[in-house]
Amino acid sequence: MNNYYKKTIQKLETEIAELTSEFGNSLLFYERSIDLIIQKMMLLKEFLQSNNFNSIEDEINFFKVQKPSVISKLIYFNAIYKIEAKKPYGGKQAIETYLNNEMLELKRFYDKNAEFYKYYRTGSNYLDHKYFVRGEHDIKLSLDTYYFEADHTFSTSHDYKVAKIIANDLIQTYLKKRLANITNGEDTDGLKRDGQSLTWTTNKTDLIELIYALHTQEVFNNGNIDIKVIATCFEQLFNIDLGDFYHTYLELRNRKKNPTKFLDLLRDGLIKKMDAQDEKIG
């Protein structure tokens, strides 16, 4: 199991690095990484179902160290994806409040599991045979309800909790960095803008029409991106809440006259400007 795990985790790290090079720190990167980790976990599960551990020590090592190292990545990427996708618009104060609330969620988990934090972080092992061996759970050790719904052939009572601790440390680091960036004058996406900002000043329907047109032409990420991700990016860029943009798109489709009014207006306006400049030159 050790050799198979090492090869699997090495391949996972390589593929995540490739995704980083391709997509950078984008929502699509987190989406692809989550899918990738799930695939690798399925492979580990299938391998374990066909192969036995050589010893109890190997089983404990897998569920205390190896499996949590992978699951923690899944928890972390999923958490960051949700944090960024649900991030509110409204300026610095709104973002700071939002991120600080996420920090409080981490503290609540710590407070609830302080005793196990102490056990894990002090390197204790006297309860490993209860925590990290399948089928050896102890109801007296304050088990979470989700454990009883888990696949007990691939789970112990506390392997997920270890993964959660590792992931929460990473999430905390991420949130602290984001908050520091905002304090240091960077915008809510971590990009310097020299105090400049853009605000969409026409109606939301026009912007939604533009977003769908760009999505249709696959101008972002070679078309490998969901419309919701694009809409979220435009909301953050232009400091606007598009609301139920799917419903607005349906209204555009149902327009009896000129469903692409804004796009036509853009085209006509640009051509008019070009013609005017040509007349001046002539």
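Position labels on residues start from 1 in each chain and follow its written sequence. Confidence filtering applies because this is a predicted model: local features only for residues at pLDDT of at least 70, side-chain atom pairs given and counted only at 80 or more, and all residues used for totals across whole chains, interfaces and linings. To obtain the side-chain values, all non-hydrogen atoms of the structure were used and water was disregarded.

Along the chain, the regular secondary structure elements total 12 helices and zero strands. The linear arrangement of helices and strands in the chain, starting from the amino end, is α-α-α-α-α-α-α-α-α-α-α-α. We compute the radius of gyration over the C-alpha atoms and compare it with the globule rule, which gives 2.2 Å times the number of residues raised to the power 0.38. Over its C-alpha trace the chain gives a radius of gyration of 25 Å, far above what one expects of a compact globule, namely 19 Å for 282 residues. Expressed as lengths along the three principal axes of its C-alpha atoms, the size of the chain is roughly 85 × 40 × 35 Å. Out of the 282 residues belonging to the chain, those deemed buried represent 37%. A run of DSSP states H or I qualifies as a helix once it reaches four residues; a run of E qualifies as a strand once it reaches two. Both are numbered from the N-terminal end. The rule is simple: take the accessible area with a 1.4 Å probe, protein chains only, and divide by the maximum for that residue type; under 20% is buried, over 50% is exposed, in between is partly exposed.

Our next topic: the nonpolar core. Only buried residues count toward a nonpolar core. Its members are Ala, Val, Leu, Ile, Met, Phe, Trp, Tyr and Cys residues joined through side-chain atoms within 4.5 Å. V70, F77, L99, L175, L207 and L242 are the most contacted members of the largest nonpolar core, which totals 68 residues. No other element matches helix α3 (residues 56-85), which puts 11 residues into this core.

With that settled, consider the environment of E59. When you line up the elements, E59 lands in helix α3. The spatial distance from the C-alpha of E59 to the C-alpha of I83 is 34 Å, given a sequence separation of 24 residues. With residues near it in sequence (within four places) discarded, E59 still touches F53, F132, V133 and R134. Every residue pair with non-hydrogen atoms within 4.5 Å of one another is taken to be in contact.

Should a side-chain nitrogen of Lys or Arg be within 4 Å of a carboxyl oxygen of Asp or Glu, the pair is scored as a salt bridge. Overall, the coordinates contain 12 salt bridges when judged by the stated rule. Between K40 and E15 there is a salt bridge, with the nearest N and O atoms lying 2.8 Å from each other. Of this pair, K40 sits in helix α2 (residues 27-50) while E15 sits in helix α1 (residues 2-23); the two residues are 25 residues apart in sequence, bridging distant segments of the chain. Grouping residues by exposure puts K40 and E15 together as buried. Salt bridges sharing common partners tie together E84, K87 and R178.

Next up on the list: helix α9 (residues 204-216). Expected span of a helix: the number of residues minus one, times 1.5 Å. Compared with an ideal rise of 1.5 Å per residue, which puts 13 residues at 18 Å, α9 spans 18 Å between its outermost C-alpha atoms and is within 8% of the ideal. Those residues of α9 not exposed but buried are D206, L207, I208, E209, L210, I211 and Y212. By the criterion applied in these results, polar contacts are pairs of N or O atoms within 3.5 Å in which, for protein atoms, one can donate a hydrogen and the other can accept it, and in which residues neighboring in sequence qualify only through two side-chain atoms. You can read the cap of α9 off the contacts: a side-chain oxygen lies 3.1 Å from the backbone nitrogen of T205, and it is on N203. Positive backbone phi, approximately 55 degrees, marks E218, located one or two places after α9.

Where helices are involved, their axes are fitted lines through C-alpha atoms of the stretch in contact, as for all axes, and angles between N-to-C directions lie from 0 to 180°. The geometry of α2 relative to α3 is characterised by a closest axis approach of 9 Å and an angle of 155 degrees between their N-to-C directions. By the angle between their axes, α2 is roughly antiparallel relative to α3. Classified by chirality, the crossing of α3 by α2 is left-handed. Roughly parallel here means an angle under 35 degrees, roughly antiparallel means over 145, roughly perpendicular means 65 to 115, and every remaining angle is called oblique. By convention the crossing between two helices is left-handed if the near helix lies anticlockwise of the far one by an angle smaller than a right angle, and right-handed if it lies clockwise.

Functional significance is not addressed by these values, which are geometric in nature.
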